[in-house]
Amino acid sequence: MAAQKNVKLSSGKMMPLLGLGCWQSPPEEVAIAVETALDAGYRHIDTAYNYLNEEAVGKGIHAWMNKAKGASKIINGAVRKEIFVVTKLPMIGMYAGGIEEYLRKSLKKLQLDYVDLYLVHSPIGFKGAAHDKDLMPKNKDGLVNIDYGTDQIAVWKEMEKMVDLGLTKSIGVSNFNEKQLRRLLAIGRIPPAVNQIEMHLEFQQLEMHKFCKENNIILTAYGPLGSPGRQYLNDSYKPQLLNNALVKMVADHHKVTTAQVLIRYWIQRNVVVIPKSTNKGRIQVNGDVLGFQLTEQEMEALLGLNKGPSCRSFRQYAMIPGVKEHADCPFFV
Ligand SMILES: NC(=O)C1=CN([C@@H]2O[C@H](COP(=O)(O)OP(=O)(O)OC[C@H]3O[C@@H](n4cnc5c(N)ncnc54)[C@H](OP(=O)(O)O)[C@@H]3O)[C@@H](O)[C@H]2O)C=CC1
Ligand SMILES: O=C1CO[C@H](CO)[C@@H](O)[C@@H]1O
């Protein structure tokens, strides 16, 4: 793999444009997946408290770091600086004191002193978790216990403290809409460096892209392959990108796979992209995207596949009863 391409965050830190996604990567597979990815040249790993696999992700990171350092066992030295680790604040941690508590829990699981980027996973919190794996606590009616009082500004001020404490190098958000980003930009001592949202060729988030460019916020594209491995809600849009005819034509022209085109496209648009795989071969091929360049004409044609918000496929949280009544709805829009 050619040297990694990075993008500069508003924090001044460099973030690799390609990362390995880890949602739905079972703990028993993800340690090897992370090590395989780092061996293949990835330098960025994306996980979350909610993915319940941070310990195994940490194992993979340390296996690679130890290998890279040879016999030496220094945990957080120069080799640590080679890689960019992202994790996320769970919805159940969005209360006073919860941000530090959950970041420390994540760091302990990952066996790291700091992460490179800590993201607020969602603009809406949940409350009343019975224990720290109760990610979707229920109220007395059996419905997800939405915290209608989630105070994004208070959460953000605590996120800023995490930078001051050295527990994370940069901070950002995920699934935030423009109104929510504006709110943080208006009050933040540290502006959000990143917004991680669903982005794929049929749902290119052009308005959000423009807004973020104007405000020096870097976008990370989740679900770039259309997230084919997940269970869709009955009425959710199912992107069929890996066998799209135009993508196939472009892939054939470059003698690469359709997945490589779906990934490379975002790198050329300066959008961070985090395809998930736990399959060794697919991790390696997905990561081999720095040795070819899509032409301007191809980029234009691929831009033409965008159909906008009707192709949003992640709607799980928006469908939770009661979310629509939250002041921060429309969710994810
Ligand atoms: N902030 C948020 O709310 C969200 C963040 N994310 C992040 O973004 C990452 C990526 O999104 P995700 O939803 O996983 O979807 P992706 O679009 O990355 O698709 C992943 C799926 O595609 C399969 N796959 C991977 N490579 C190939 C290939 N070359 N050919 C065919 N199939 C392939 C994987 O299976 P296999 O493993 O078998 O290869 C897996 O089932 C997540 O893992 C997570 O880190 C995702 C959703 C929401
Ligand atoms: O990161 C995530 C992966 O997608 C899931 C399904 O919507 C969410 O739980 C979560 O936000």
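As named in an unreviewed UniProt entry, the chain is NADP-dependent oxidoreductase domain-containing protein, taken from Meganyctiphanes norvegica. Its UniProt record gives the chain the following Sequence similarities (unreviewed entry) comment, quoted word for word: "Belongs to the aldo/keto reductase family."

Take the pairing of strand E10 (residues 194-198) next. Of all 5 residues in E10, 5 are buried; the element is thus mostly enclosed. Taken together, strand E9 (residues 168-174), helix H6 (residues 178-187) and E10 constitute a β-α-β crossover, and its handedness is right-handed. Handedness of the E10-helix H7 (residues 206-214)-strand E11 (residues 218-222) crossover: right-handed.

Attention now goes to the UniProt feature "site: Lowers pKa of active site Tyr" (unreviewed entry) in the chain. Here the UniProt feature "site: Lowers pKa of active site Tyr" (unreviewed entry) sits at Lys88. If you trace the backbone, Lys88 turns up in strand E5 (residues 84-89). When its relative accessible area of 0% is taken as the criterion, Lys88 is described as buried. In this structure, Lys88 is in contact with Asp46, Thr47, Ala48, Tyr49, Tyr51, Tyr118, Leu119, His121 and Gln196, ignoring residues within four places of it in sequence. Side-chain polar atoms of Lys88 contact the side chain of Asp46, separated by 2.7 Å.

Bringing the packing of helix H1 (residues 27-40) against helix H10 (residues 280-287) into the picture now. The N-to-C vectors of H1 and H10 enclose an angle of 35°; their axes lie 9 Å apart at closest approach. Along this stretch, H1 crosses H10, giving a crossing that reads as right-handed. Of the residues in H10, those in contact with Ala33, Thr36, Ala37 and Ala40 of H1 are Lys280, Ile283 and Gln284. Of the residues belonging to the contact of H1 with H10, the class tally is 4 nonpolar, 2 polar and 1 charged.

Glycine aside, a negative phi is what most residues show, and trans is what most peptide bonds show. Despite not being glycine, Gln111 has its phi angle at roughly 55°, a positive value. Of note, Gln111 is situated in the loop between helix H4 (98-110) and strand E6 (115-120). Even without being a glycine, Lys255 presents a positive backbone phi close to 55°. Mapped onto the elements, Lys255 comes out in the loop between helix H8 (245-254) and helix H9 (258-268).

A few words now on the layout of surface pockets. Here the largest pocket defines a volume of roughly 970 Å³. In terms of lining residues, the largest pocket is bounded by 39 residues, among which Trp23, Gln24, Ser227, Arg230 and Phe314 are the most central. For the lining of the largest pocket, the element with the highest residue contribution is H10, accounting for 3 residues. Grouping the amino acids of the lining of the largest pocket by side-chain chemistry returns 20 nonpolar, 15 polar and 4 charged.

What follows covers the site of ligand 1. Contacts to ligand 1 come from 29 residues, most closely from Asp46, Leu225, Ser227, Ser277 and Arg282. Gly229 places a polar main-chain atom, nitrogen or oxygen, 3.3 Å from an oxygen atom of ligand 1. In the model, an oxygen atom of ligand 1 is placed 2.9 Å from a nitrogen or oxygen of the Thr278 main chain. For ligand 1, whose accessible area on its own is 900 Å², the fraction buried by protein is 86%. More than half of the atoms of ligand 1 fall within 2 Å of the grid points belonging to the largest pocket. Counted by class, the shell around ligand 1 contains 12 nonpolar, 13 polar and 4 charged residues.

The rules behind each value
- Residues numbered from 1 in each chain as written.
- Chains lettered and ligands numbered in written order.
- Predicted model: local features only at pLDDT ≥ 70, side-chain atom pairs only at ≥ 80, totals over all residues.
- Heavy atoms only, no water.
- UniProt positions renumbered as here; feature names shortened; annotations may be inferred.
- Buried < 20%, exposed > 50% of the residue type's maximum accessible area, 1.4 Å probe, protein only.
- Helix = DSSP H or I, 4+ residues; strand = E, 2+ residues; numbered from the N terminus.
- Right-handed = clockwise from strand over helix to strand, strands pointing away.
- Contact = heavy atoms within 4.5 Å.
- Polar contact = N/O pair within 3.5 Å; in protein donor to acceptor, adjacent residues only side chain to side chain.
- Axes fitted to C-alpha atoms, helices over the stretch in contact; angles between N-to-C directions.
- Left-handed = near helix turned anticlockwise from the far one by under 90°.
- Nonpolar A, V, L, I, M, F, W, Y, C, P; charged D, E, K, R; others polar.
- 1 Å grid on protein atoms, 1.4 Å probe; cavity = no way out; pocket = protein on both sides within 12 Å on 5 of 7 lines; lining within 4 Å.
- Points joined across faces, edges and corners; volume = space filled by probe spheres on them.
- Near = heavy atom within 4 Å.
- Areas by Shrake-Rupley, 256 points an atom, 1.4 Å probe, with all protein chains shown as cover.
- Sits in = over half its atoms within 2 Å of the grid points.

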